[in-house]
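# Structural characterization, general
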Amino acid sequence: QVQLVESGGGLVQAGGSLRLSCAASGRVVSIGDMGWHRQAPGKQRELVAVITSDESTNYADSVSGRFTISRDNTKNTVYLEMNSLKPEDTAVYYCNADLSSYWYSRYSRYWGQGTQVTVSS
């Protein structure tokens, strides 16, 4: 059984910083893309950032230059460093990972449980 466990959310003032972590546990043989999405109240879930297995990155325009995604393959963990936070960054943040639990099997997408980030003005 594979799980993605997130940590690091919380309440911060505008202009502050937070670092989110998401670790994959269980039977993990290989991990492809890892990423972060977010969902604000009344809005659809949106992609925030993605990092590929060769560590290429892509960001939503709204966070580019402020957020940094990274990964530690030795720990099966993806991070999201968030700086210069704005009230509009307030949302539940979800991590995801495309991974396989068996050799030669296809990737399946797994999601974390979500962590609340609240930015006060």
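This text gives an overview of the structure that appears in the document. Only a predicted model underlies this, so the values are computations on that prediction, with no experimental measurement involved.

Okay, the sheet that holds strand 3 (residues 18–25) next. Spatially, 1-3-8-7 is the arrangement adopted by the four strands of the open sheet, whose pairing is antiparallel. The open sheet terminates on both sides in strands that have one partner only, identified here as strand 1 (3–7) and strand 7 (67–72). Neighbour-to-neighbour, the strand axes of the sheet open up by a mean angle of 15°, direction not taken into account.

Here the focus is the packing of aromatic side chains. Tallied over the entire structure, the rule returns zero aromatic pairs. Here the guanidinium or amino end of R45 rests over the ring plane of W111, the centre of that ring lying 4.9 Å away.

In the structure shown here, the tally under the stated rule is five salt bridges. One salt bridge connects E81 with R19, and the closest N-O pair in it is separated by 3.7 Å. Here R19 lies in strand 3 and E81 lies in strand 8 (residues 77–82), a separation of 62 residues in the sequence. Salt-bridge contacts for R38 lead to E46; the nearest nitrogen and oxygen are separated by 2.7 Å. Judged by relative accessible area, which is 35%, E46 ranks as partly exposed.

Okay, the nonpolar core next. Ranked by size, the top nonpolar core spans 30 residues in total, and within it W36, V48, F67, V78, L80, M82 and Y93 carry the most contacts. Those elements that place two or more of their residues in this core are strand 3, strand 4 (30–39), strand 5 (46–51), strand 7, strand 8, strand 9 (91–100) and strand 11 (115–120). Setting aside its immediate chain neighbours within four residues, V78 contacts L20, S21, C22, M34, W36, I51, I69, S70, R71 and C95.

With that settled, consider the environment of V5. In this structure, V5 sits in strand 1. Judged by relative accessible area, which is 45%, V5 ranks as partly exposed. The spacing of V5 and S105 is 100 residues in sequence and 23 Å in space, taken between C-alpha atoms. For V5, the contacting residues outside a window of four places in its chain are S21, C22, A23 and Q113.

Once that is clear, we can look at the environment of W103. With respect to the helices and strands, W103 occurs in the loop between strand 9 and strand 10 (108–111). Through-space distance from the C-alpha of W103 to that of K43 is 38 Å; in sequence the pair is 60 residues apart.

In this section: the side chain of T115. The residue T115 is located in strand 11 in this model. A polar contact of 3.4 Å, which involves the side chain of T115, links it to the backbone nitrogen of G9. Sequence-distant contacts of T115, that is, excluding residues within four places in its chain, are made with E6, G9, L20, A91, V92 and Y93.

Turning our attention to the state of the cysteines. Taken as a whole and judged by the stated rule, the model has one disulfide. Linked covalently through their sulfurs, C22 and C95 form a disulfide whose S-S length is 2.0 Å. Between C22 and C95, the disulfide has an S-S torsion of 50° and is therefore right-handed. Residue C22 is located in strand 3, and its partner C95 is located in strand 9; the two are separated by 73 residues in the primary sequence.

Rules and cut-offs
Residues numbered from 1 in each chain as written. Predicted model: local features only at pLDDT ≥ 70, side-chain atom pairs only at ≥ 80, totals over all residues. Heavy atoms only, no water. Pairing = 2+ DSSP bridges. Helix = DSSP H or I, 4+ residues; strand = E, 2+ residues; numbered from the N terminus. Axes fitted to C-alpha atoms, helices over the stretch in contact; angles between N-to-C directions. Phe/Tyr/Trp six-rings, centres within 6.5 Å; stacked < 30°, edge-to-face > 60°. Lys NZ or Arg CZ within 6 Å of the ring centre and 35° of its normal. Salt bridge = Lys/Arg side-chain N within 4 Å of Asp/Glu carboxyl O. Buried < 20%, exposed > 50% of the residue type's maximum accessible area, 1.4 Å probe, protein only. Core = buried A, V, L, I, M, F, W, Y, C linked by side-chain atoms within 4.5 Å. Contact = heavy atoms within 4.5 Å. Polar contact = N/O pair within 3.5 Å; in protein donor to acceptor, adjacent residues only side chain to side chain. Disulfide = S-S within 2.5 Å.

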